Amino acid sequence: MLKTLERNIASVNERVVLLAPSVASVGEVFRNVDVDRGRHEQLVRDVQKLRGSIYLKDGAIRSEQLSSDGLHQTPEDEKGWHMLLLNAQHQVSACALYLEHDNTVSFEGLRVRQCPLAENEEWRPRLWKAVQAELAHARRDRLQFVELGGWAVSENSRGTSGPLALALAVYAFSRRCGGALGMTTATFRHCSATILKRLGGSRFEVDGATLPAYYDPRYQCMMEMIRFDSRSPNPKYIRLIEQARQKLANILVVARPDASDSQPSHEAWCDAYGPFTPHSAGFGLPARAS
């Protein structure tokens, strides 16, 4: 598996596509950027379609929770980065949502406020305290705070190294500006929580107690809340994460134009961010989730 994983990381710039919520969010790391509102919107819809079909098949959601055309939509889809893994046919075989926050964000400004633990009389104070401690840590170390979600992996990709390579690419992405602290709610389905902990994630601890696993009635499954520090992954994967980080510049980023309806000219983009190489190949997709 490790050899296969190494091959996936070696070709990460060919297999991973990033969807940026805006041109302004792209920054200076990336050089392979396509500023295209239509393409960005279509790929987000493709991700929503993938999540919807997979979550529905897993029994995690009901059909009435999807749009009329089968999309699993969340408000964060317009605000966050989407990480896409392509298969050999250039179809999306896995995806994740990466939602960046300033470290001044409040508990009420996080997705975690909707977690069942946040509604539990016994555990809400401890959850709030645990998250506040992480935010204080992020402020002290001048790091962004990240929430991960929207995990989905096609059936054909289950048990392969591809999704693990995508998770390592997420680590690499979060290290592009010195690292980030973050959290995710991970399902027990398909060993998702176990895999994330194997990469370096851990359960939250507060006042000598570990935040418990819990049942989420919205997704009809057991979940765990996992924290991570992208600067401190499992040492086993540090070399691969660093290799992925070095390839970030060449990963294709499809960015939605900023507030103005008009897209920046090639010259204006180059003046601000350096040259980019637009790609014209489209990407379709199939299906599965975690």
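These figures come from a predicted structure and were not determined experimentally.

Thresholds applied
- Residues numbered from 1 in each chain as written.
- Predicted model: local features only at pLDDT ≥ 70, side-chain atom pairs only at ≥ 80, totals over all residues.
- Heavy atoms only, no water.
- Helix = DSSP H or I, 4+ residues; strand = E, 2+ residues; numbered from the N terminus.
- Buried < 20%, exposed > 50% of the residue type's maximum accessible area, 1.4 Å probe, protein only.
- Contact = heavy atoms within 4.5 Å.
- Core = buried A, V, L, I, M, F, W, Y, C linked by side-chain atoms within 4.5 Å.
- Phe/Tyr/Trp six-rings, centres within 6.5 Å; stacked < 30°, edge-to-face > 60°.
- Lys NZ or Arg CZ within 6 Å of the ring centre and 35° of its normal.
- Pairing = 2+ DSSP bridges.
- pLDDT = per-residue confidence, 0-100.
- Salt bridge = Lys/Arg side-chain N within 4 Å of Asp/Glu carboxyl O.

Visitor: Which residues make up the overall build of the chain, and what values do they have?
Guide: For the chain, the count of helices and strands is eight helices and 12 strands. Residues classed as buried in the chain amount to 51% of the 290 residues present. Within the chain, residue pairs in contact and separated by at least 24 positions form 80% of the contacts whose partners lie at least 6 positions apart.

Visitor: Tell me about the nonpolar core, residues and numbers included.
Guide: In this structure, Leu18, Phe30, Trp81 and Tyr98 are the most contacted members of the largest nonpolar core, which totals 46 residues. Ala118, Leu127, Ala130 and Ala138 belong to the second largest nonpolar core, which has 25 residues in total.

Visitor: Residue-level account of the packing of aromatic side chains, with values.
Guide: Under the definition given, this model contains five aromatic pairs. When the centroid spacing of 5.8 Å and the interplanar angle of 55 degrees are considered together, the rings of Tyr171 and Phe228 count as tilted. With Tyr171 in helix α5 (residues 162-174) and Phe228 in strand β11 (residues 221-229), the pair connects residues that are 57 residues apart, well separated along the chain. Put simply, the rings of Phe30, Trp81, Tyr98 and Phe173 touch in pairs and so form one group of aromatic residues. Geometry around Trp81 places Arg176 over its ring, the cationic atom sitting 5.8 Å from the centre. The ring centre of Phe173 lies 3.9 Å from the NZ or CZ of Arg176, which sits over that ring.

Visitor: Outline the pairing of β11, supporting the account with residue identities and numerical values.
Guide: With eight of nine residues buried, β11 is to be regarded as a mostly interior element. Bridging between strand β6 (residues 180-187) and β11 involves seven bridges; their strand directions are antiparallel. By the bridge assignment, Thr185 is partnered in β11 with Met225. Here three bridges tie strand β10 (residues 214-216) to β11, and the two strands are oriented antiparallel to one another. Within the sheet, the bridge partner assigned to Tyr214 lies in β11 and is Met223. With antiparallel pairing between neighbouring strands as the criterion, β10 and β11 make up a hairpin whose turn holds four residues, including Gln220 at a positive phi of roughly 50 degrees.

Visitor: Which residues make up the confidence of the model for the chain, and what are the values?
Guide: For residues with low pLDDT, the predicted coordinates do not support detailed interpretation. Mean pLDDT over the chain: 84, with 88% of residues reaching 70 or higher. At the level of individual helices and strands, the chain shows its lowest average pLDDT in helix α8 (residues 266-273), which scores 41, and its highest in strand β2 (residues 33-35), which scores 96.

Visitor: For unusual backbone geometry, give the residues involved together with the corresponding values.
Guide: In the Ramachandran plot, Arg142 falls in the positive-phi region, its phi being about 55 degrees despite a non-glycine side chain. Structurally, Arg142 is set in the loop between α4 (124-140) and β5 (144-153). A positive phi angle is found at Asp207, which is not glycine, with a value near 55 degrees. Here Asp207 lies in the loop between β8 (205-206) and β9 (209-210). Accessibility expressed as a relative area gives 58% for Asp207, which makes it exposed.

Visitor: I'd like to hear about the pattern of salt bridges, residue by residue, with values.
Guide: Pairing of side chains with opposite charge becomes possible as their charged atoms draw close. Under the criterion given, the structure shown has 19 salt bridges. Among the ionic pairs, Arg239 bridges to Glu6, the shortest N-O distance being 2.7 Å. You can see Arg239 sitting in helix α7 (residues 238-246) and its partner Glu6 sitting in helix α1 (residues 2-10), a full 233 residues away along the chain. Between Arg62 and Glu64 there is a salt bridge, with the nearest N and O atoms lying 3.0 Å from each other. A relative accessible area of 56% places Glu64 in the exposed class. Among the ionic contacts, a cluster of salt bridges with common partners joins Arg140, Asp141, Asp229 and Arg231.

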